[in-house]
Each structure stands twice: as C-alpha cells, then as structure tokens.
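One letter stands for each residue in the lines below.
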Amino acid sequence: MWDDAFPSFLIGLREGLEAGLIVSILVATLVRAGARSRLAQVWTGVLAAVGVAMGFGAVLTFTAASMPQTAQEAFGGTLSVIAVAFVTAMVFWMRRSARSLSGELKEKVTGALAMGSGVLILTSFLAVGREGLETALFLWTTARAAGESAGPLAGAGIGLVIAAGLCWGLYRRVLKINLTKFFTATGAVLIVIAAGVLGYGLRDLQEGGVLPGRTAYAVDLAGSVDAGSWYSTLVQGVFNLTPTMTWLQVAAYVAYLAVVMSLFVRGVRAPAPGPAAERPAQRPKPARPERRRPVWVVPAAVVAVPAVLAGLVVAFSRPKPAGDQTVAVSETECGKGFAAPEPGRQTFQMRNTGDKTSEVYLVDPSTGAVYGEIEGLAPGTTRDLVATVAGGTYAWRCVPTGGRAVTSKPVSVSGGGAAKPVVPVSEQDLAAPLKAYRTYVGQGLDTLVGQTRTLADDIEGGHLGKARTDWLTAHRTYASLGAAYGTFEDFDQKIDGRADGLPDGVDDKDFSGFHRLEYGLWHGRPAKELTGPAQQLATDAAGLRKAFPGQEFAPGDLPLRAHEILENTLQFELTGDTDEGSGTNLATADANLSGTRELLTVLKPLLTARAPKLLPTVDADVARVQKLLDAAHAGSHWTAVDRLAAADKQRLDGATGQLLEDLAPVPDLLEIRKSA
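Scoring rules and cut-offs
Residues numbered from 1 in each chain as written. Predicted model: local features only at pLDDT ≥ 70, side-chain atom pairs only at ≥ 80, totals over all residues. Heavy atoms only, no water. Helix = DSSP H or I, 4+ residues; strand = E, 2+ residues; numbered from the N terminus. Contact = heavy atoms within 4.5 Å. Areas by Shrake-Rupley, 256 points an atom, 1.4 Å probe, with all protein chains shown as cover. Core = buried A, V, L, I, M, F, W, Y, C linked by side-chain atoms within 4.5 Å. Buried < 20%, exposed > 50% of the residue type's maximum accessible area, 1.4 Å probe, protein only. Phe/Tyr/Trp six-rings, centres within 6.5 Å; stacked < 30°, edge-to-face > 60°. Disulfide = S-S within 2.5 Å. Axes fitted to C-alpha atoms, helices over the stretch in contact; angles between N-to-C directions. Parallel < 35°, antiparallel > 145°, perpendicular 65-115°, else oblique. Left-handed = near helix turned anticlockwise from the far one by under 90°. Nonpolar A, V, L, I, M, F, W, Y, C, P; charged D, E, K, R; others polar. Salt bridge = Lys/Arg side-chain N within 4 Å of Asp/Glu carboxyl O. Pairing = 2+ DSSP bridges. Expected span 1.5 Å × (residues − 1). Arc of directions from axis to C-beta. Lys, Arg positive; Asp, Glu negative; His and termini not counted.

1. Notes on the overall build of the protein chain
Looking only at helices and strands, one finds 20 helices and 13 strands in the protein chain. Long-range contacts, defined here as pairs at least 24 residues apart, represent 76% of the contacts in the protein chain between residues at least 6 apart. Of the accessible surface of the protein chain, which amounts to about 32,200 Å², a share of 59% is contributed by carbon and sulfur atoms.

2. Considerations on the nonpolar core
In terms of nonpolar packing, the biggest core is built from 68 residues, with I459, L586 and L607 touching the most fellow members. Apart from the residues lying within four places of it in its own chain, the contact partners of L586 are L574, L629, A632, W638, T639, V641, L644 and L652. Residues M90, L137, L198 and Y253 belong to the second largest nonpolar core, which totals 28 residues.

3. So, the packing of aromatic side chains
For the coordinates displayed, the defined rule picks out twelve aromatic pairs. Both rings, one in F92 and one in F264, keep their centres 5.9 Å apart while their planes meet at 85 degrees; by these two values the pair is edge-to-face. Taken together, the positions of F92 in helix α3 (residues 69-97) and F264 in helix α9 (residues 247-269) put the pair 172 residues apart, joining distant regions of the chain. Like F264, F92 is buried. Measuring from centroid to centroid gives 5.3 Å for F348 and W396, while their planes differ by 80 degrees, and the two rings are edge-to-face.

4. Here we look at the state of the cysteines
Under the counting rule described, the total for this entry stands at one disulfide. In this model C334 forms its disulfide with C398; the gap between the sulfur atoms is 2.0 Å. Here C334 and C398 share a disulfide; its torsion about the S-S bond, 85 degrees, makes the bridge right-handed. Pair noted here: C334 is in the loop between β4 (327-329) and β5 (344-352) and C398 is in strand β9 (residues 392-400), with a separation of 64 residues, a long-range link. When sorted by exposure, C334 lands in the same class as C398, which is buried.

5. A look at the environment of W638
Topologically, W638 is positioned in strand β13 (residues 637-638). Separated by 52 residues in the primary sequence, W638 and L586 have C-alpha atoms spaced 6.9 Å apart. Excluding anything up to four places from it in sequence, W638 contacts L472, R476, G583, L586, A587, D590, L629, A632 and H633.

6. Focus: the packing of helix α11 (residues 427-460) against helix α15 (residues 527-547)
Relative to each other, α11 and α15 sit at 165 degrees, their axes nearing to 8 Å. Between α11 and α15, the crossing angle belongs to the class labelled roughly antiparallel. As α11 packs across α15, the resulting crossing turns out to be left-handed. Of the residues in α15, those in contact with G442, L445, D446, L448, V449, T452, R453, L455, A456, I459 and E460 of α11 are A527, L530, T531, A534, Q535, L537, A538, A541, A542, L544 and R545. Grouping the constituent residues of the contact of α11 with α15 by class yields 14 nonpolar, four polar and four charged.

7. Observations concerning the pattern of salt bridges
Taken as a whole and judged by the stated rule, the model has 16 salt bridges. Ionic pairing is found between R498 and D500, a salt bridge with its closest N-O pair at 3.0 Å. Judged by its relative accessible area of 25%, R498 falls in the partly exposed class. Taking relative accessible area as the criterion, D500 reaches 48% and is therefore assigned partly exposed. Here the salt bridges do not stand alone but share partners, grouping D507, R516, R525 and E529 into one network.

8. As for the pairing of β9
Extensive coverage of β9 is indicated by the burial of seven of its nine residues. Summarising the sheet, strand β6 (residues 358-363) and β9 pair through six bridges and their orientation is antiparallel. Within β9, the residue paired with V363 across the bridge is A395. As paired strands, β9 and strand β11 (residues 411-413) are joined by three bridges and run antiparallel to one another. Residue pairing in the sheet places G392 in a bridge with V413 of β11. Looking at chain direction, β9 and strand β10 (residues 406-407) are connected through two bridges and run antiparallel. Pairing of C398 across the sheet is with V406, part of β10. Turn length for the β9-β10 hairpin, with the two strands adjacent in sequence and antiparallel, is five residues, and the turn residue G402 shows positive phi of about 75 degrees.

9. A few points about helix α6 (residues 150-171)
Along its 22 residues, α6 runs 31 Å from first to last C-alpha, staying within 8% of the 32 Å computed at 1.5 Å per residue. Residues G151, P152, G155, A156, G159, A163, C167 and G169 constitute the buried set of α6. Around the axis of α6, the buried residues are gathered within 155 degrees of arc, so they sit on the same side. Residues of α6 that are exposed and angled more than 90 degrees away from the buried face: L153, V161 and W168. Phi turns positive one or two residues past the end of α6, at R173, with a value near 60 degrees.

10. Looking at helix α18 (residues 614-630)
With 17 residues, α18 extends 24 Å from end C-alpha to end C-alpha; this agrees with the ideal 24 Å at 1.5 Å per step. Of all 17 residues that make up α18, twelve are buried, and the element is covered over most of its length. Every buried residue belonging to α18 is among L614, L615, T617, V618, A620, D621, V622, R624, V625, Q626, L628 and L629, and all of these are buried.

11. Overview of the packing of helix α12 (residues 464-479) against helix α17 (residues 585-610)
Between two packed helices, the angle of one axis relative to the other and the distance separating the axes together describe the packing. As a packed pair, α12 and α17 sit with axes 8 Å apart at the nearest point and diverge in direction by 35 degrees. For the pair α12 and α17, the sense of crossing is right-handed. Across the interface between the two elements, L472, H475, R476 and A479 of α12 pack against A587, T588, D590, A591 and N592 of α17. Class assignment of the residues belonging to the contact of α12 with α17 gives a composition of four nonpolar, three polar and two charged.

12. Focus: the pairing of β5
Across three bridges, the pairing between β4 and β5 is parallel. Bridge pairing in β5 links V329 to N352. Alignment of β5 against strand β8 (residues 382-389), held across eight bridges, turns out to be antiparallel. Pairing of G344 across the sheet is with V389, part of β8.

13. Some points on the side chain of E518
By the secondary structure assignment, E518 is in helix α14 (residues 514-521). Buried charge without a partner: E518 forms no salt bridge, and the closest opposite charge is R498, 10 Å away. If we ignore the near neighbours within four places in the chain, the residues touching E518 are W471, T578, D579, E580, G581, S582 and G583.

14. Overview of the environment of F92
The class for F92 is buried, based on a relative accessible area of 17%. Between the alpha carbons of F92 and F264 there is a distance of 7.2 Å; along the sequence they are 172 residues apart. Residue contacts for F92: discarding those within four places in its chain leaves V260, L263 and F264.

Purely geometric stuff here, so don't read any function into it on its own.
This is how it looks when you write it as structure tokens:
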C-alpha cells in the first residue's frame, strides 16, 4: 500500500506544514497582541476551510461516480491536469513567498483585529482554504490513479499528523527546521510526481475520447515487465509510469519535467531577496462591541453550511427518476406512466405489472437501437434502469417470457446532448459469421481426423516417441476449434475429458481421449495398453466430424465463445490443472488464442460497427499474450506452467486477464434482442 500512499503522504506533509505554519503565525500574532480571546475566531475559520475541503472532496467523488464510464475518464483526466497546475503553482509560490509570508499574515491579522469577528474568521479561512482545496483535489486524483482510496488516505493522514507535530514544535520553539531546504527538496519531488499525474490525466482524456492517440503506444513493455511485481507497483504508484504509455503521455511527461524542473532549479540557484521589512505592529483599534451569541453557533454553522452545500451538489448531480410515476412492464401495459424525460442521465423505475417474468428495453422505435435494458424482471417487482437520454424518439419494448414482444407508444425528447445506443443484433446478422465459423471448424475437424488416425498408427506400431509429437499436434488442432462449454455436445467429453471426478481417476475405464493418451505416453505405459484408447480417439474424432453439420449451434452462442474460450484457458491451462504429464498447457493456451482470434475475425464487421475502439484494444491485448506465449517455447519444446518463472507467470496471467476484461463487452454488444 505504501507505493499508493507515498504521493499523498508527501502532499499531506507539505500542504499540512504550509497550512500549519499559516495557523501558527495567526495564533502567535494574536497572542503577542494580547488578543487571546479572538483565537476562537481563527479556529473557526480553519474549521470552515477544512469543512469546505472535505465537501469539495465528497462532491468530486460522488459526482464522478454518477457519470458514465467515458465521462468519468474525461472528468478525471481534466481534474488531474488541473491538480498538476495547482501543485505546480503551489511549489513555486511557497519557494517565492516563504520569507515574506509571516509579515503579510501579521499585517492582515492586525487589520482584522480592528474589525468584527467575521473579518478575522474570513482571514484565517482564506489563508488555510487554498491549502485544503489543493489537498482535496490532489488526493482525489491520486486515489483515482491508484484505483483505491485506502493507501492515499492513509498516506495523507500520516503526512498531516507529522506536519501538525512539526508545526507544534516550531511554535513552541522546541524544533528548528530549515524550511527553505525542506520546501525546495519536497518541491523537486512533487514536480516529478506531478509529471506522472499529468501523464495519467492525459491517458484518462484519451480513454474518454477527448484526446486522440489512445492506441498509439510509444512504450509497450507489458510483455517483458511484470505489472504485479513490487518494483513495477512502486514505480506505478509513486510516479504513475506504466508498462504501456502512449506518445502523448511520454511527450507530456518529458516536456513537463524538463521545463518545470529547469525553472524550479534556476529559481533555487538565483540570489534570494532579502527579507521584507515588517511594518511595526499598530496598536489595534478598539473593536466595536459585538452582540453576544452562544459560543457554539458560528463553529457549528461553518461546518454545517459546507456539508449541506456539498450534499445538495451531490444530490442534484446524481441521476434522478425520470418522472414521479413508475413505468409499467407487461403485455397489456408496456410503457404506461412513461412521459418525455429531460435530456441527460436518467433513472427509470420499471415495475412488472404482469404475471410473467419479462425483459424490457428502452429503444429508438425507428431503428430498434437499445439505450438500456433489464433482464429477468419478475412479476410484482421494481428495478431501476439507468440510461442517458438526448434529443430523439424513445419507446419501451417489453418481452415477457413465453409471450409476445410489445412496444409502447413513442415519446419525443427535445434538447441536445449525445446518447450512444447499442445497435441491436438479429439472428440474421449473425448468420454469415456463424456460417464462416462453422466452415473453419469443419476444416479443422477434417485435419483432426487425419491427425488422430496418424497418432493411432504411431501407437499401434510402437513408435511412442513419434506418438508424443503427433499427440501434441492433434491436441493443438482440437484446442483451436473453440471447444468451450459443450460446443461439441457429448463428443467433447469423449475426446478431451479429464479424469477429475471419475471414481478411479486416471485408471477409470471411462477416462478416454487426449488426456488418457497423454497420461500413458508420458508415464511410460506400453503401446499395447494405449492402442485401444488411441483407436477410440480416432473413431470419436471421425464421429464428431460426421455429426458436426447437424449439431445445434445457436447464433447467440457465437459471441459468447469469444470470451469463454480464454476463460477456460485461464481457469484450466494457465493453472496447469489439465496437465497429465506432457507439460504442454501453454501450447494448448496458444491454440486457444488462435481459436479466439478466428472468432474475432468473423465477428469483426459487427463489432466494428458497434464499438469501433474495441477491436484495436483487443488486438493489442492478443499481441501481448501471443508474445508471452512465444517466449515460453523453443521449437517443439514448451515450458511447463509449473516451471515458469514467477514473474513470467504473473505477466502471462495479467495479460490474459486484461484480454478477458476487454473481451467482456462482446457478448452484450452482440446479444440477440427480440423485436416487436
């Protein structure tokens, strides 16, 4: 957690020390002026500044959470750039103003003493408020970059506590710190950290579609750097440097660091101006008598007001129900209660008033494009459906289980904005990709029949060394055909079933297929014992080839395979769970990757039309996984999973996991949805 905590620790320490010094000067000025009774006003201003800073942080957190993903990326990227600007200005301001800060503040306090309590409260609030807002913004930015809040909050908390202790020691004159050197050293480190935050922010803006070059990588070390290692985690957490960075990120990082650090170092080396002469403290004029009020009123107000304002901002920024009535879902009342909503992100309360479980879609009735959906809405239940609404025409499509699809009366929404619906996919749309994929599988099965026959002949002839080579060739062919989740019905268990769950394990009479032969070939079993299973494998492969044209393959299953094949790979092959002695799990994973690549090829026209940015990202992921797999073999020899170096294993698991994450939208994008 320390790698995520360090940037926030440094900002907490530095900003806390700045704010603490300001408060110390304010308190000391009042004490020396004999106005201890006014200290409560200073602390009230400080308390107000803290309340505003915390409210600001809450607004950032909850406002961003209510946005769509791309908007979150753009919002976070924009605030990251703003945070860099604030931190940069703060570093230079403190370097320039540290010597004259005391005199300026004393002068303001002296003037405020002659006025009402509100002026002194405002003085302390403004003096501390800037530090609080900067801290809140930078903390929010670093927490977003880290992907979690525990580390950054812990780091900032430790920094603030240490800063408070240092300020107390300085005030009581029990500590002596060269503040010029302190702010110079921490300023240089913060500039390096800010350069990384700038790069992260620009990456967010690219992810949000605000800036171009999302897939234009200047650095791509995902195949050679373990993103989960301690050193990689440390560099990413402290400096926001990642194994993959775009040209824009690299250019901004280098340019910011070169320009800002040069100016900072030049300013440090320049002769420092002499301390500004402080004006003699003027005797404060007697304050006008103030009306007595309970001592708790003002402190309570300065805390409550920011909290209430922040709550109102958060409440009004969250999606609101689109109308006072719920929207009915049933065959007879589909869309009842639906009125034209305001443009923007809206929450619709959908209630199933019928007697059948139903699916419901918010659609463009002219094109069938889907803006939002709920599946499995049970009778008598209510669920929220969140969707972004812009100018256009909208209707509800209710699809009860076993009933007919019904589309409600359309309503028109006026106004600007943009909403991105998912273009619906029909069985007809998937017909051509399915035909192409079935052709690919059919050709692969033709090859498999010949390869399993050759394998059987090897074993029957006693050529077990050649049989091991031919076994791997045939098994890779089968693995490339996408046999995930029962694609080949009962044949898959016969051809590629495992011994797990069988009463006698590898010696069970029902253990057959490739893994039965793998166990025998790599455990010294004689050819006579393996001849029967080899002949049976060849027979089952031929049977599958004959049965495949008539096997049911629902068009809607095709997009699922794009994710499921590699899901099986991560679960079974990359854990070594299916290894029966050959140590070739990575060869099987390589074949699985080929099968996934073929699926993406046939689905490419549909995916490109619906998510043009998805395939370039997935292609980059596939290339990274392929590179890691290529590094795990030399010729026909493959490194066994349990013999991979820990770092290599982590890289491969991480790259495969990222590929699966980026493939996750494919089934939803290409889901077949019923139409009216």
